[in-house]
Amino acid sequence: MGKTKHTGPIKLPAKPDPKLWVSKIPFGLGKVKPKHIRETAKIAWQNRDNLPYAVRILTQGVCDGCALGVSGLYDQTLAGPHICTTRLNVLRLNTMPAIREELLHADIDELSRLSSTELRQLGRIPYPLIRRKGERRFSRATWDEALETIASKMRGLNPKQMAFYLTARGITNESYYVAAKVARLLGTNNIDNASRICHSPSKTALKRSVGVGASTCNYKDWIGTDVLVFWGSVAANNQPVSTKYMYAAKRKGTKIIVINPYYEPSMEQYWIPSIAESALFGTKLADDVYQVNIGGDIAFMNGIMKVWFEMEAREPGSAVDHAFVAAHTNGIEELRAHVAQQDWTTLTQSSGLTRERISELAAILARAASAVFVWSMGLTQHRFGTDNISQVANLALLRGFLGREHCGLMPIRGHSGVQGSGEMGADPFSLPGGEISSAADRKRIEQLWGFELPSWQGDIVGVTLENTLLPEEQERKLRLFYTSGGNFLETMPDPEFVRTALESVDVRVHQDIILNTSTLLDAREAVVVLPAMTRYEQPGGGTSTSTERMVYFSPEIAGPRIGEARAEWDIYVDLARRVKPEAAALLGCGSAEAIRAEIAQAAPSYDGIQHLRERGDVFQSGGAWLCEDGVCPTPDGRGRLLPIELPELRKPEGHFAVTTRRGKQFNSMIYSDVDPFNEAERYDVLIHKEDAKGLALNEGEAIVVYNGFGSMHGRVKQADVKQGNIEVHWPEGNSLIPKGVYEPFAGIPEYNTAVIVEKAETYHAHKDTRYVEKRILELETEMEG
């Protein structure tokens, strides 16, 4: 799309800047902070049995952690080596040995006593496993036996009764592409991926607002932009290498703004281990933090625009870039009229911010010549997630912060493989390089693949789980569920429902490198476990797409191999040939190189992937900036300014809005019971001190958080969280979240709700009376009112 090419990494300033130091005491001694040196030493010790291989993975492979896109120890943003503890923690997944047989074949009840962390530490899955109905332990299976069990079941099913799901754990574009092709060859559009529960609203909103489905800019654009806004994103925790980019931005004079209900310590200050100055004295990151109510972002943004239009009425051109808006957008008058109708009382109550605070940020952005907006699940994991992101796009379009240096819209990805999932077609709404709903895209892919695509709409993964409980006669009753990685017990709302759903499937397939708690659940007929290779083991290497659309080649790395593990794409190809041997000739995909050549044909923006074959090879899909010079890939080439209504937040008086946060973890893989930034334990409930005081709650006191959907036992952790809001860890707090509530445009589950907070002794003292049920009924009645 863009004509400008990325110019490559830049150097950091050599001279220190004491103005940015957190403390003059070296290494932040005495402060609550990560102990990077100690943690690195611990990880080295964990990998001591395979240390040379671990070093080769770090220095030759593309990071399988977040989607910043570090290849070896280097990236395209800053010169010099990069490493973070998230990548180091994930490293052990690639270097650990196979699970010992006596553990792998232990009684299922013994294994079920272990947590996912303990199961992960057992080691890698070495060979195919099968456990049929009534059996209490896994049996070793041959690949023929395992795949024929799956294939024979598939041959007897209506394709609507089977579904595929792919997580983002180190999965390559090649595997996503083959899974997408195989699913359609087998006649099903029920294929989904991890983006559904993290950034699906980002793609949907960006498509409707500016015509693209990915970040419009680069990490380099952070460095030197006037204002860098992190909206519902704790990048310092989830993408730690990004703190190095923040440091570089601060050195260039960039103002960093954080918008979040909780004043996250890691976004205020950070000790960056790969920068000597920062490792010693820390770096002040955020210039200001706007603590918004959970779900109050749309009101906040409507407030900003209201201030802008008021500024315009007094002095035209003082807030809106009229030249950009006139040349490159539609809908300005409708948006202006919509915002004018908003009253300040509603906006301040919904957002949780005063008119003065809203006006502060509005003025900062109005004065800025450039800005980059970065967001994550604080904006997306809502039933109005798409509207949240379109509001961010509104701000960028009104100010012309699009399609040029130091400007852009960036949904920052938390997994190294997830950006490519939908772009490869592993999505119920997508095809490689296009959309299911587009007749032209369907025809193009049918001509390339040589077979007709199923015409019915596939289901998102949440609905797929619900389909397991449909009556037997229903044509969408899910009977076979094939998952590549993932653990819905620990990622989806209402874990007890998820357990019931997964155990209601006839045949459940887990293609994975490790066991987790969901692998151990029963199935009506059989559970089949298929051992997969990591991205570093796959013959011919593999590619992944970063947040900034860099497509990186990660080579096969010499080292030990695990038993009978196979490349993920190879398993899909083998299965499809068994289910439809008559169509085997249409599959192709016989090697990683052949798959990349086909991807280049199927997804036009990936033309160039076929040339990636050596360590360090990379190209950027779409150029440096999407929508370059303001020209959007929409039918008329213009962005859309959209009037966005305020959502009904439905938090009754006296109750709390609750959302989930991440601690020391990668996705649902937890690496510490204590958050190194705030010392919160996994079942601590973050609550403002005044809210705790109002409930007569003391620090560390046992409490119960509950509503009509579930309950969570925890302890009081007083923290700088917005009053009227509480935060709990994910997935521990998922029991509070209702199932079946999805964002209407993108299908992401809702991860926020209203709850009661109560002393544990009060809750349990009344447990055998109607007290708790009455409190819940009051909550539901007030919510409906």
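All of the points below concern the structure found in this document. Quantities reported herein were computed from a predicted structural model and do not represent experimental measurements. (Residues numbered from 1 in each chain as written. Predicted model: local features only at pLDDT ≥ 70, side-chain atom pairs only at ≥ 80, totals over all residues. Heavy atoms only, no water.)

### A word on the overall build of the protein
When helices and strands are counted, the protein shows 30 helices and 29 strands. On C-alpha atoms alone, the protein measures out to a radius of gyration of 25 Å, which is about the 28 Å that the 2.2 N^0.38 rule sets for 785 residues. Dimensions along the principal axes, computed over C-alpha positions, put the protein at roughly 75 × 70 × 55 Å. For the protein, with 785 residues in total, the buried portion stands at 64%. Put simply, 78% of the contacts in the protein that link residues at least 6 apart link residues at least 24 apart. Looking at the protein as shown, the accessible area adds up to about 27700 Å², and 52% of this sits on carbon and sulfur atoms. Charge centroids of the protein, computed over 90 positive and 96 negative side chains, lie 4 Å from each other. (Helix = DSSP H or I, 4+ residues; strand = E, 2+ residues; numbered from the N terminus. Rg over C-alpha atoms; globule rule 2.2 N^0.38 Å. Buried < 20%, exposed > 50% of the residue type's maximum accessible area, 1.4 Å probe, protein only. Contact = heavy atoms within 4.5 Å. Areas by Shrake-Rupley, 256 points an atom, 1.4 Å probe, with all protein chains shown as cover. Lys, Arg positive; Asp, Glu negative; His and termini not counted. Charge placed at Lys NZ, Arg CZ, Asp CG, Glu CD.)

### What about the pattern of salt bridges?
Throughout the structure, instances matching the rule amount to 50 salt bridges. Notably, a salt bridge pairs E732 with R682, separated by 2.9 Å at the nearest N-O pair. Residue E732 is located in the loop between β28 (725-729) and β29 (753-759), and its partner R682 is located in the loop between β24 (669-670) and β25 (684-687); the two are separated by 50 residues in the primary sequence. Residue E732 shares its accessibility class with R682, and that shared class is buried. In this structure, a network of salt bridges that share partners links the residues D144, E148, R155, R566, D570, D574 and R578. (Salt bridge = Lys/Arg side-chain N within 4 Å of Asp/Glu carboxyl O.)

### Thoughts on the pairing of strand β5 (residues 227-231)
By the criterion of burial, β5 is predominantly enclosed, with five of the five residues buried. The alternating pattern of β5 places V227, V229 and W231 on one face and L228 and F230 on the opposite face, and all of these are buried. Bridging between β5 and strand β6 (residues 255-259) involves five bridges; their strand directions are parallel. Note that in β6 the partner of F230 across the bridge is V258. Here β5 runs beside strand β11 (residues 371-375); their pairing, made up of five bridges, is parallel. Looking across to β11, one finds that W231 is bridged to W375. (Pairing = 2+ DSSP bridges.)

### Re the environment of L489
Along the polypeptide, L489 turns up in the loop between β15 (480-484) and α24 (495-503). We classify L489 as buried; its relative accessible area is 10%. With 13 residues separating them along the chain, L489 and L502 place their C-alpha atoms 9.0 Å apart. Setting aside its immediate chain neighbours within four residues, L489 contacts P495, V498, R499, T517, S518 and L521.

### Topic: the packing of aromatic side chains
This model, assessed by the stated rule, comprises 17 aromatic pairs. Above the plane of the ring of F138 lies R131, whose end atom (NZ or CZ) is 5.7 Å from the centre. A cation over a ring is seen here: R208 above F745, with NZ or CZ 4.9 Å from the ring centre. (Phe/Tyr/Trp six-rings, centres within 6.5 Å; stacked < 30°, edge-to-face > 60°. Lys NZ or Arg CZ within 6 Å of the ring centre and 35° of its normal.)

### Some remarks on helix α8 (residues 173-185)
The end-to-end C-alpha distance of α8 is 18 Å, a good match for the 18 Å that 13 residues give at a rise of 1.5 Å each. Here α8 lies mainly inside the structure; 13 of its 13 residues are buried. Just downstream of α8 lies G187, where phi reads positive at about 95 degrees. (Expected span 1.5 Å × (residues − 1).)

### Overview of the sheet that holds strand β20 (residues 618-620)
Strand order in the open sheet made by the three strands is β18-β19-β20, with antiparallel pairing throughout. Only two strands of the sheet have a single partner each, and these edge strands are β18 (542-545) and β20. For this sheet, the mean inter-axis angle between neighbouring strands, taken without regard to orientation, is 20 degrees. Two strands pair when backbone bridges link them, and β18 and strand β19 (residues 550-554) are joined in this way by four bridges, in the antiparallel orientation. By the bridge assignment, T543 is partnered in β19 with F553. Along the sheet, α8 contacts β18 and β19; its crossing angle with β18, the most-contacted strand, is approximately 90 degrees. (Axes fitted to C-alpha atoms, helices over the stretch in contact; angles between N-to-C directions.)

### Overview of the side chain of H36
Looking at the element boundaries, H36 is found in helix α1 (residues 36-46). Residue class for H36 comes out buried when judged on its relative accessible area of 11%. Not counting residues within four places of it along the chain, the set of residues in contact with H36 comprises T85, Y270, W271 and P273.

### Quick word on the pairing of β29
Counting buried residues in β29 gives seven out of seven residues, a clear majority hidden from the surface. Taken together, the three bridges between strand β22 (residues 656-661) and β29 define a ladder with antiparallel strand orientation. Within the sheet, the bridge partner assigned to V658 lies in β29 and is T753. Sheet topology note: the strand β26 (residues 702-706)/β29 ladder contains four bridges and is antiparallel. Counted as the bridge partner of Y706 is I756 from β29.

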